[in-house]
Amino acid sequence: MYIIVGLGNPTREYQNTRHNIGFDIIDKLADTYSIDVLEKKHKALIGKGIIEGEKVILAKPQTFMNLSGESVRALADYYKIDEKQELIVIYDDISLDVGQLRIRKRGSAGGHNGIKSILSHLGHDVFPRIKVGVGDKPSGYDLVDYVLGHFSPDEKKIMEEAAINAIGAVREITAGQIDQAMNRYNKKVKQVD
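Definitions and limits used
Residues numbered from 1 in each chain as written. Predicted model: local features only at pLDDT ≥ 70, side-chain atom pairs only at ≥ 80, totals over all residues. Heavy atoms only, no water. Core = buried A, V, L, I, M, F, W, Y, C linked by side-chain atoms within 4.5 Å. Buried < 20%, exposed > 50% of the residue type's maximum accessible area, 1.4 Å probe, protein only. Helix = DSSP H or I, 4+ residues; strand = E, 2+ residues; numbered from the N terminus. Contact = heavy atoms within 4.5 Å. Salt bridge = Lys/Arg side-chain N within 4 Å of Asp/Glu carboxyl O.

Chemist: Could you give an account of the nonpolar core, naming the residues involved and the relevant values?
Modeler: Among the nonpolar cores identified, the biggest contains 36 residues, and Ile4, Leu29, Leu58, Ile90, Ile103, Ile130 and Val132 are the most heavily contacted of them. It is helix 6 (residues 153-174) that provides the largest number of residues to this core, a total of nine residues. Dropping the residues within four chain positions of it, valine 132 is found in contact with Ile21, Ile25, Ile90, Tyr91, Asp92, Asp93, Gln100, Leu101, Met159 and Ala162. Ile3, Ala59, Ala76 and Ile118 belong to the second largest nonpolar core, which has 22 residues in total.

Structure below.
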């Protein structure tokens, strides 16, 4: 079984912001595989289903980003998964161009407070993750305002493609092919001018 967690902030004001791309991709996975992510458990909205023959739990922590680890820890404990193999976390990354994916088996928080919380609650940094580029903040912008801002129409098109790629990456990771997913999806995305 895999637990696939998308990071974001609950409440309507955060919908479709850069910081909520993890939630958006969980919603697209849910649509693709007909999984209802409506049950409130383990400080998250969760849904149970099957992806490529594997049982999965899709989860959107409702703790707010900076406390995501509370929900991830509760999910991992309840479902008794090996988080080093069977936990996939999807989240935004400002160090990557808009729409670029970076799949990793382990790593630091890189300044991301949601990941910082998860690392703290798990006690290690080994779990598959899919980072989704939202672009670096323009100079003069406040970081919080930037990540809580919305994508431009051109960026939205790129992000739709990124979501399709992220779903493909999830499919490969749940099939036990994370190296193949890294080779296929860890490449530069053509940017719109």
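Moving on, there is more to tell.
Chemist: Could you give an account of the pattern of salt bridges, with specific residues and numbers?
Modeler: Here the structure, examined in full by the defined rule, presents 11 salt bridges. In this structure, lysine 60 engages aspartate 27 in a salt bridge whose closest nitrogen and oxygen atoms are separated by 2.7 Å. Placement of lysine 60 in strand 4 (residues 54-61) and of aspartate 27 in helix 1 (residues 21-32) is noted, with a sequence separation of 33 residues between them. The partner of arginine 171 in a salt bridge is glutamate 52, and the shortest N-O contact between them spans 3.4 Å. In this pair, arginine 171 sits in helix 6 while glutamate 52 sits in the loop between strand 3 (44-51) and strand 4, placing the two residues 119 residues apart along the sequence. The exposure class of glutamate 52 is partly exposed, given its relative accessible area of 47%. One continuous salt-bridge network, built from bridges that share partners, spans Arg73, Asp77 and Glu83.

Everything listed here is a matter of coordinates, which is why it stays silent on function.
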